[in-house]
Amino acid sequence: MKLPSRVKIVDVGPRDGLQNEKGHVPAEVKIGLVHRLQDAGLKDIEVTSFVSPKWVPQMADAAEVMAGIQRKPGVRYSVLTPNMKGFEAALSSRPDEVVVFGAASEAFSQKNINCSIAESIERFAPVVEAARAKGIHVRGAISTAVGCPYEGEIAPDRVELVAKLMKQIGVHHVGVCDTIGVGTPRKVQAAMEAALKHYDIDDISGHFHDTYGQALGNTLASLEMGVWQYDASVAGLGGCPYAKGATGNVATEDVVFMLQGLGIETGIDLDKLVDAGKYISDFLQRKPNSRAGTAILNKRSG
Ligand code: HMG
Ligand code: MG
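It should be emphasised that the depicted structure is a prediction, and the values quoted were computed from it without experimental measurement.

(A) Main features of the overall build of the chain. For the chain, the helix and strand inventory stands at twelve helices and ten strands. In terms of overall dimensions, the chain is globule-like: its C-alpha atoms have a radius of gyration of 17 Å, near the 19 Å expected for 302 residues. A sequence separation of at least 24 residues applies to 74% of the contacts in the chain between residues at least 6 apart. A total accessible area of about 12600 Å² is found for the chain, and carbon and sulfur atoms account for 51% of it. The averaged location of the 35 negative side-chain charges in the chain is 2 Å from the averaged location of its 33 positive side-chain charges.

(B) Structural detail: the packing of aromatic side chains. The tally for this structure, following the rule as stated, stands at two aromatic pairs. Their ring planes at 55° and their centres at 5.4 Å tell us that W55 and Y242 sit as a pair that is tilted. With W55 in the loop between β2 (44-49) and α3 (62-68) and Y242 in the loop between β10 (229-232) and α10 (252-261), this residue pair connects regions lying 187 residues apart in the sequence. When the ring of F208 is compared with that of Y230, the centres are 6.4 Å apart and the planes differ by 50°; the resulting orientation is tilted. One end of the pair, F208, is in strand β9 (residues 204-208); the other, Y230, is in strand β10, with 22 residues separating them in the sequence. When its relative accessible area of 2% is taken as the criterion, F208 is described as buried.

(C) Just helix α4 (residues 84-91), in detail. Residues of α4 that are buried: G86, F87 and A90. Angularly, the buried residues of α4 cover 100° about the axis, an arc narrow enough to put them on a single face. The outward face of α4, more than 90 degrees from its buried face, is lined by the exposed residues K85 and E88. Contacts made by the buried residues of α4 are with β3 (76-80), β4 (97-103) and α6 (117-133).

(D) Inspection of the sheet that holds β3 at higher detail. What the eight strands build is a closed barrel, ordered β1-β2-β3-β4-β5-β8-β9-β10; its pairing is parallel. Mean inter-strand twist for the sheet, computed between neighbouring axes without regard to direction, equals 25°.

(E) Region of the structure containing the packing of helix α11 (residues 270-284) against helix α12 (residues 291-301). With their axes 10 Å apart at the nearest point, α11 and α12 run at an angle of 100° to one another. Taken together, α11 and α12 sit at an angle that is classed as roughly perpendicular. Residues L270, D271, V274, D275 and K278 of α11 touch α12, and the partners they reach there are G293, I296, L297 and R300.

(F) Here's a closer look at the coordination of the magnesium ion (ligand 2). Protein ligation of the magnesium ion (ligand 2) involves D16 (OD), H207 (NE2) and H209 (NE2), the donor distances falling in the range 2.1 to 2.3 Å. In primary-sequence terms, the residues that donate to the magnesium ion (ligand 2) follow D-x190-H-x1-H. H207 gets classed as buried once you look at its relative accessible area, which sits at 6%.

(G) Main features of the site of ligand 1. Neighbouring ligand 1 are 26 residues, the closest being R15, N83, N114, S143 and T179. In the model, a nitrogen atom of ligand 1 is placed 2.9 Å from a nitrogen or oxygen of the N112 side chain. One of the side-chain nitrogen or oxygen atoms of S143 is found 2.6 Å away from an oxygen atom of ligand 1. When the free accessible area of ligand 1 is taken as 1100 Å², the share hidden by the protein chains comes to 76%. Within the residue set of the shell around ligand 1, elements represented by two or more residues are α1 (13-17), α4 and α5 (106-113). Taken together, the residues of the shell around ligand 1 sort by class into eleven nonpolar, ten polar and five charged.

(H) Structural detail: the environment of S290. Here S290 shows up in the loop between α11 and α12. Each C-alpha atom, one on S290 and one on D254, is 6.3 Å from the other, the two residues being 36 residues apart in sequence. Among the polar contacts listed, one links the side chain of S290 to the side chain of D254, at a separation of 2.7 Å. At 2.8 Å, the side chain of S290 and the backbone nitrogen of G293 are in polar contact.

(I) Summary view of the environment of Y242. For Y242 and A276, which are 34 residues apart along the polypeptide, the C-alpha to C-alpha distance reads 27 Å. Of the polar contacts made by the side chain of Y242, one reaches the backbone oxygen of W55; its length is 3.0 Å.

(J) Spotlight on the pattern of salt bridges. Under the criterion given, the structure shown has 17 salt bridges. Taking the shortest distance from any N to any O, the salt bridge between R71 and D96 comes out at 4.0 Å. Linking R71 in the loop between α3 and β3 with D96 in the loop between α4 and β4, this pair joins segments that are 25 residues apart in sequence. Residue classification places D96 among the partly exposed residues on the basis of a relative accessible area of 29%. Of the charged contacts, one joins E160 and K197 as a salt bridge, the two residues approaching to 3.8 Å between their closest N and O atoms. Here K197 lies in the loop between α8 (185-196) and β9 and E160 lies in helix α7 (residues 156-168), a separation of 37 residues in the sequence.

What counts as what
Residues numbered from 1 in each chain as written. Chains lettered and ligands numbered in written order. Predicted model: local features only at pLDDT ≥ 70, side-chain atom pairs only at ≥ 80, totals over all residues. Heavy atoms only, no water. Helix = DSSP H or I, 4+ residues; strand = E, 2+ residues; numbered from the N terminus. Rg over C-alpha atoms; globule rule 2.2 N^0.38 Å. Contact = heavy atoms within 4.5 Å. Areas by Shrake-Rupley, 256 points an atom, 1.4 Å probe, with all protein chains shown as cover. Lys, Arg positive; Asp, Glu negative; His and termini not counted. Charge placed at Lys NZ, Arg CZ, Asp CG, Glu CD. Phe/Tyr/Trp six-rings, centres within 6.5 Å; stacked < 30°, edge-to-face > 60°. Buried < 20%, exposed > 50% of the residue type's maximum accessible area, 1.4 Å probe, protein only. Arc of directions from axis to C-beta. Pairing = 2+ DSSP bridges. Axes fitted to C-alpha atoms, helices over the stretch in contact; angles between N-to-C directions. Parallel < 35°, antiparallel > 145°, perpendicular 65-115°, else oblique. Donors = N, O, S within 2.8 Å, 3.2 Å for Na, K, Ca; no water. Near = heavy atom within 4 Å. Polar contact = N/O pair within 3.5 Å; in protein donor to acceptor, adjacent residues only side chain to side chain. Nonpolar A, V, L, I, M, F, W, Y, C, P; charged D, E, K, R; others polar. Salt bridge = Lys/Arg side-chain N within 4 Å of Asp/Glu carboxyl O.

It is worth stressing that arrangement in space is one thing and function is another; only the former is reported here.
Okay, here's the thing in structure tokens:
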């Protein structure tokens, strides 16, 4: 199959990345990161989560971060909203998109959002309805779509079921998420195919953590199926507090470098993206977890 000519990347670094940091990251630094990402040409940024601060204290400043962003026209700012409480709290922040997050594994659903898959759909339904009534786009994340830290391998029919349930309640778009980065290309393709039974190719995306170094391969395998939307995280930030040992999402810099090499348009300025990755990595006092980012920085200093 011909590869897509254009790819849309959602940078989830400010959310998926910074939700997992042990040290305190001030709202001002999060806002600085969002500004650098939008300056680099990102048109979709997952900014924060309206979740319980007892569960994820790192995201307790969600409203402050959203209020501090100087919005750029044409950029879509998304936030996670697991229930009506989160959605109502998010509303005054005027998100362009909200994300409900479910899982293909019962055990992960319990650990992450404290309810079963069926209960999660019941909680999401009013969120989706309220968002749609306000014209807010709704994305659904299907976590543990290939593997679960508690249940092991996940069969594609489990992904299909969650995709079907999300479709039934009106979720516009689903992300097939390899939460712990254990997916390999054929397994990821099978999970994508399962979700594609209920969603159109234009309403599906890949979200690959790079724990086992498979995320670029999984991205290419998904591109070959025509999937043209991906989540990625600047400087490879990220993980999930309820998936121990899982490292960050694939680095946005690495995905952009690969796509440029394939002649696929992203609208992203790689040099400015590397600057954004360096900004947050300097704050965190570590090197960017991106091979392309590191190579470009070495070349600059070289
Ligand atoms: P719960 O305890 O079942 O909720 O948590 P509850 O409705 O029983 O309420 C209990 C308390 O939480 C109450 O407060 C509520 O007000 C409060 P109390 O009376 O005890 O003081 N509460 C809230 N506070 C703020 N915002 C809210 C909210 N809801 C209830 N929205 C809940 C359920 C979902 C809230 C909880 O389990 C939670 O916050 N979990 C966090 C999950 C999370 O953020 N995980 C990381 C993001 S997901 C991810 O990283 C995966 C992804 O990247 C894809 C992938 O890689 O797979 C997306
Ligand atoms: Mg994630």
